Each structure stands twice: as C-alpha cells, then as structure tokens.
Amino acid sequence: PTTYETILLERKGRVAVLTLNRPEALNALNLQVMTEVVAAAEELDRDPEVGCIVLTGSAKAFAAGADIKEMRPQGYMDMYLSDWFTAWDRLGQVRTPTVAAVSGYALGGGCELAMLCDILLAADTAKFGQPEIRLGVIPGIGGSQRLTRAVGKAKAMELCLTGRTMGAEEAERAGLVSRIVPAAELLAEALSVAETVAGMSKPVAMMTKEAVNRAFETTLAEGVRFERRLFHAVFATADQKEGMSAFVDKRPPHFIHG
Ligand code: CAA
C-alpha cells in the first residue's frame, strides 16, 4: 500500500476512513494534501471491498482552508499552468459513496472539500464558511457553486461576500448538512452511517449516488429519464433478486455486491 504523509488511512471492514493530518496548520489543504487525498480516494474507489469512504479531520479543524502560505507567492501563470486545485474535481468523480465528518473549522477549501462528499455530518462544534474574500480572493474548489446549490442564493451570497462563519445549527437549517451529532460521537456516527451504506449492494449504491448527483447537473425531465434508465439497469443485478427475495422471505439481505 502507498504511504502518505498528510493523511491517515484506516480500514474497518468495508469502510475506509481517511483522516486529514496536518495538525500544525489546522489541516490546511496544500497541494500535497490534495494529491494524497485524491490518490487515496481513487485507490479506495478501485477496491471492490470498500463500500464507503469517510473523510474527516481533527476535533478542532476539518480543514481551515486551502494553504494560504503556499498560495501567497503564486502568480496567474503559476495557477493557470499547474491548473491549481483542479485535481480536487476528481474527488467528486469517485463512484464509491463518501461521508464527510466535520468537526471544528470547515472554512474555504475545507467547506468546499466537505461539499465534495456525498453525505455531510456535522459535529455541534462545526463552523462553515467561505472567508476567501477577506484574503482578497474568491473560492476556488467550487464553493461559489456548491454552497449556492446547497443553501440558496441569499445565504451563499452573504457568506461569500462577508466571509461570515456559520455554526452547525444554521448549516443544518440551511440544508448544508444532513445531521448534527455531539462532537464526541461524530466519528462513531459517521462510521455507523458508512457501515450502513457499505452494507448495501455496491453497484446499486453507486447508481444511487450517480442519480442524486445528476439532479445538480441537468433539467428535471432529463434527470428523471436518467434515473429511469438506471432503475431498469438494477434489474440486471443479482442484488435486486437478493434484496427483494429477502423481503419476501422475511430475512436480512446478503448482497453479493453484483
Ligand atoms: N493556510 C495556511 N495555514 C493555516 C491556515 C490556512 N488556511 N489556517 C490556519 N493555518 C495555520 C496558522 O497560520 C497557524 O500556523 P502558525 O502556528 O505557524 O502561525 C496554525 O495554522 C494555527 O492557526 P491559528 O493560530 O490561526 O489558529 P486559531 O485557533 O487562532 O484560528 C482560524 C483558527 C480562525 C481557523 C484561523 O486559523 C484562520 O482564520 N484560518 C484561515 C481561514 C481561511 O481564511 N480559510 C480560507 C483559505 S483560502 C481558500 O480556502 C481558497 C479556496 O477556496 C480554495
């Protein structure tokens, strides 16, 4: 297995836990973190034994943003030629379901990273925001787009234009996070959600994720047609027979993930 310096990788059955580990910088997302997170997620995505990936940080910070010290000296040509941050898009293309477990600061790139995941669980200590404008820049990992889709224009505009941070309660009310969990229980709860997802048929979970994500990219009519095609396709899996037979036989299903 590959060794990483800025992240920790752990396997718990069919769940993989990827922990950001740059405590000295509140998990600021430098290019090494980006490269390692994306490489690890893609490696896990190729593993049929991994049914769900949890992405988390520390109690104090999920991630306090992109690395300001690394970005400070860069010029336009540096950013353009190296296509700075574009590799993060690949995390959104991972087909295995992902859960962000956010405790403490999720600011700038940290908030954007959490929004790249499929399920977003927040500790009651979580703080979300896009404070880039205070640094004289704008979000660069999709924040202006994903935050707006998640919470609507009014709140996204306010957060992006003022740099204000919002707490977990507000984030849940606004629809950014699916649930708030006491900080001490965050990881256990994230693991429990991930184990539930990982216990499903993997191809069917992949198709579910694909269908929901399609809602952000297309019209309602196209999205419904896309869903219908995938719905028909699941009848080609053994897991459809198993899931429905288990219901009829009044027993738990044993998905063979195909
Ligand atoms: N980049 C680089 N280093 C960072 C960092 C970041 N985003 N956030 C924190 N750090 C570093 C600090 O510089 C500090 O290092 P030193 O000890 O060497 O000084 C260390 O982490 C601890 O941070 P603080 O002392 O500031 O901790 P605090 O508890 O006083 O404050 C905080 C916490 C409010 C989160 C504060 O660190 C902060 O405001 N961080 C920056 C938040 C931010 O602006 N994020 C957006 C970045 S831009 C971006 O993300 C662009 C994009 O869209 C991709």
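Our subject is the structure that appears above.
Worth saying up front: this structure is predicted, and the values here are computed from it rather than measured. (Residues numbered from 1 in each chain as written. Predicted model: local features only at pLDDT ≥ 70, side-chain atom pairs only at ≥ 80, totals over all residues. Heavy atoms only, no water.)

Visitor: Explain the site of the ligand to me, and be specific about the residues and the numbers.
Guide: Taken together, 24 residues surround the ligand, and among them Lys-60, Ala-66, Gly-109, Glu-112 and Glu-132 come closest. In the environment of the ligand, a nitrogen atom lies 3.0 Å from a nitrogen or oxygen atom belonging to the backbone of Ala-64. Ala-66 places a main-chain nitrogen or oxygen 2.8 Å from a nitrogen atom of the ligand. The fraction of the free accessible surface of the ligand (980 Å²) that becomes covered by protein chains is 65%. Breaking the shell around the ligand down by element, the ones donating at least two residues are helix 2 (68–71), strand 6 (105–107) and helix 5 (109–116). Broken down by element, the shell around the ligand gets its largest block of residues, three residues, from helix 2. (Near = heavy atom within 4 Å. Polar contact = N/O pair within 3.5 Å; in protein donor to acceptor, adjacent residues only side chain to side chain. Areas by Shrake-Rupley, 256 points an atom, 1.4 Å probe, with all protein chains shown as cover. Helix = DSSP H or I, 4+ residues; strand = E, 2+ residues; numbered from the N terminus.)

Visitor: Lay out helix 11 (residues 220–233) in plain terms, naming residues and giving numbers.
Guide: Owing to its 3.6 residues per turn, the α-helix aligns residues three or four sequence positions apart on the same side. Across its 14 residues, helix 11 extends 20 Å between first and last C-alpha, which sits within 8% of the 20 Å expected from 1.5 Å per residue. Buried residues along helix 11 sit in contact with helix 10 (202–214). (Expected span 1.5 Å × (residues − 1). Contact = heavy atoms within 4.5 Å.)

Visitor: Break down the pairing of strand 2 (residues 15–20) for me, with residues and values.
Guide: Across the six residues of strand 2, six count as buried, placing the element largely inside the fold. Both faces of strand 2 are covered, namely the face carrying Val-15, Val-17 and Thr-19 and the face carrying Ala-16, Leu-18 and Leu-20. Both strand 1 (residues 7–12) and strand 2 contribute to a ladder of six bridges, which runs antiparallel. Paired with Leu-8 across the strands is Thr-19, a residue of strand 2. In sequence, strand 1 turns back onto strand 2 through a hairpin of two residues, with Gly-13 there showing a positive phi of about 60 degrees. Two strands pair when backbone bridges link them, and strand 2 and strand 3 (residues 52–56) are joined in this way by five bridges, in the parallel orientation. Of the residues in strand 3, the one forming a bridge with Leu-18 is Leu-55. The parallel pair strand 2 and strand 3, bridged by helix 1 (residues 31–45), forms a crossover whose chirality is right-handed. (Buried < 20%, exposed > 50% of the residue type's maximum accessible area, 1.4 Å probe, protein only. Pairing = 2+ DSSP bridges. Right-handed = clockwise from strand over helix to strand, strands pointing away.)

Visitor: Kindly report on the packing of helix 5 against helix 6 (residues 143–151), identifying the contributing residues and their values.
Guide: Viewed as axis vectors pointing N to C, helix 5 and helix 6 meet at an angle of 60 degrees, and their least axial separation amounts to 10 Å. The angle between helix 5 and helix 6 places the two elements in the oblique class. By crossing handedness, the relation of helix 5 to helix 6 is classed as left-handed. Here Glu-112, Met-115 and Leu-116 of helix 5 lie close against helix 6, whose contacting residues are Gly-143, Arg-146 and Leu-147. (Axes fitted to C-alpha atoms, helices over the stretch in contact; angles between N-to-C directions. Parallel < 35°, antiparallel > 145°, perpendicular 65-115°, else oblique. Left-handed = near helix turned anticlockwise from the far one by under 90°.)

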